[in-house]
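Given next are the chains, with one letter for each unit.
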Amino acid sequence: MIEVKHLVKSFGSLTVLKGVTLTVQEKEVVVLLGASGSGKSTLLRCLNFLEVYDEGEVWVGGTQIDPYKSNLNQFRAEVGMVFQHFNLFPHKTVLENVIEAPIHVKRMNVAEAKELAYELLKKVNMQDKADVYPDMLSGGQKQRVAIARALAMKPKIMLFDEPTSALDPELVGEVLQVMKQLAKEGMTMIVVTHEMGFAREVADRAVFMDNGQILEQGPPNTFFENPQNERTKQFLGSIR
Amino acid sequence: MILDILLSSYPLFLKASWLTLKLTAVALLLGCGVGLIIAFFRISSSKVLNYIAHIYITVIRGTPLIVQIAILYFGISNLVTLSQFWAGAIALAVHNGAYIAEIFRGAIQSIDRGQMEASRSLGMSYPLAMRRIVLPQAFRRAIPSLGNQFIIGLKDSSLVAYVGMQDLWGTGLSEAASNYRQLETYMVVGLYYLVMITIFTYFVNRLEGRLATGRAPKKQAKDNSVAA
């Protein structure tokens, strides 16, 4: 489905990714774990070219995406992204947030886009708030709308960049619930998170990153119960 | 007394006020266009465009408006025949454009990066994201400063009197020269400016209020217990 080979990314003199190789299968849910600064968010942002890597390759469904030649807009339209800080459009209502890209990028007609939007808002249990502006919503509600907005483009893969890190603890559950549902429906997902419960329960594979490299990966039960790498043990020990 | 000048000269001053208003409106409209273009030059990744914008803003901000008006007015009328009105309007547009550019640039850059990133992640092109997502928010944020610049622009338009235009201030000058009652005449002129600016300020404030409520009804936000 998506394959990255030897990604290298530097910001100035700081090398954030030091040759990362990762393959994600269709319908697989991969959780990226690691301390802050380990490069996991940067890796995710390289996957939809919000950051352009310095070296390496990104392959999707058998074709290589070239950041300077490929149609990145079209590519991004097929990759949904959910951000830590939601990034809803504050000047648009919940419904308008969801229909914006289908109408203006996909050229869907308004009635069709609205129908799709209501369906997705219902899925994330936000249908009652369709005509409300984002600043009237709680963090959890905002994030659920953001998920609906990304889904409205019918992405083939969803990237989650710490989707619950900016939420009050009691609001985390409602967002994770929606993500679990998505995973169950067979969405391909790459999730950067600190929610170990979610990782154990939902992920097909846990990937541990440290200092710009992937140190260890495996199915959650072996990964969490029997980590091999010293650094992984340390990390898992510190968050228990 | 002031009152008799106010009463006897009002047709003249009303006509002159109308010219001042027209001139300012045209100049500021053009100025907004210039300003938006220069603002994009400044935030562009092209060094050449950055440089052009930088020079433009430096020169305009670094020289007096009266000098710019004189140079543009006499310069333009040497090259092409332009009416006094258009020469004045273009001079004022060029001047205000530099300040408006900085207002727009500040407003655009004040919009959280996440807005552009979210737009791009949905497959929107840079121009589409700019037009649909960033600029509408930036314009709202620019309104107070823009209103302020418009007030300054209206008052500064009085300087076109010195290249012979019969705007409000120009009319005031010639009136005072013929009736020898400078103090009262100039006070009347001041009063006209004051009234125009007060009316304008009222509308800017209303617009600001309307746009603020257009985002979220504030009363409801307070008693909504889940509001973040």
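Residues numbered from 1 in each chain as written. Chains lettered and ligands numbered in written order. Predicted model: local features only at pLDDT ≥ 70, side-chain atom pairs only at ≥ 80, totals over all residues. Heavy atoms only, no water.

Threshold: UniProt positions are given in the numbering used here, feature names are shortened, and annotations may be inferred rather than shown by experiment.
The name given to chain B in an unreviewed UniProt entry is Amino acid ABC transporter membrane protein, PAAT family, with Brevibacillus centrosporus as the source organism. Database annotation for chain B, UniProt heading Subcellular location (unreviewed entry): "Cell membrane". What UniProt states about chain B under its Sequence similarities (unreviewed entry) heading is, verbatim, "Belongs to the binding-protein-dependent transport system permease family."

Where an unreviewed UniProt entry is consulted, chain A appears under the name Amino acid ABC transporter ATP-binding protein, PAAT family, with the organism given as Brevibacillus centrosporus.

1. Describing the pairing of strand β1 (residues 2-11) of chain A
Residue and element names in this part refer to chain A. As a reminder of what qualifies: Pairing between two strands requires that DSSP report at least two bridges joining them. Secondary structure counts use DSSP, requiring at least four H or I residues in a row for a helix and at least two E residues in a row for a strand, with both numbered from the N terminus.
Inspection of the sheet shows β1 paired to strand β2 (residues 14-24) by eight bridges, in the antiparallel sense. Within β2, the position partnered with V4 by the bridge is L22. Adjacent in sequence and paired antiparallel, β1 and β2 are bridged by two residues, among which G12 carries a positive phi angle near 60°. Two elements, β1 and strand β4 (residues 55-60), share five bridges in a ladder whose sense is antiparallel. Paired with V4 across the strands is V58, a residue of β4.

2. Topic: the pairing of β4(A)
All names here are of chain A. Bridge count between β4 and strand β5 (residues 63-65): three bridges; the pairing is antiparallel. Residue pairing in the sheet places W59 in a bridge with Q64 of β5. The antiparallel hairpin formed by β4 and β5 contains two residues in its connecting segment, where G61 sits at a positive phi of about 50°.

3. With respect to the side chain of S38(A)
All names here are of chain A. Worth spelling out the cut-off: As used in this structure description, the phrase polar contact means that two N or O atoms lie within 3.5 Å; if the pair is within protein, one of them must be able to donate a hydrogen and the other to accept it, and residues adjacent in sequence are counted only when both atoms belong to side chains. The contact definition used throughout considers only heavy atoms, calling two residues in contact when any of these lie within 4.5 Å.
Within the fold, S38 resides in the loop between β3 (29-33) and α1 (40-47). Polar side-chain contacts of S38 include one of 2.7 Å to the backbone oxygen of A35. Every residue in contact with S38, bar those within four places of it in the chain, is listed here: V16, M209, D210, N211, G212 and Q213.

4. A look at the pattern of salt bridges
Our working definition: Salt-bridge detection follows one rule: a side-chain nitrogen of Lys or Arg within 4 Å of a carboxyl oxygen of Asp or Glu. Here the term buried applies to any residue with accessible area under 20% of the maximum for its type, exposed to any over 50%, and partly exposed to those in between, with areas from a 1.4 Å probe on protein chains only.
Taken as a whole, this structure holds 20 salt bridges over all chains when the rule is applied. In this structure, R113(B) engages E117(B) in a salt bridge whose closest nitrogen and oxygen atoms are separated by 2.8 Å. With R113(B) and E117(B) both in helix α6 (residues 113-121) and four residues apart, the pair spans about one turn of that helix. In this structure R113(B) comes out as exposed when scored by relative accessible area, which is 60%. We classify E117(B) as buried; its relative accessible area is 13%. Its salt-bridge partner being R181(B), residue E184(B) comes within 3.5 Å of it at the nearest N-O pair. A relative accessible area of 27% means that R181(B) is categorised as partly exposed. Beyond isolated ion pairs, a larger network of salt bridges with shared partners links R45(A), E51(A), R113(B) and E117(B).

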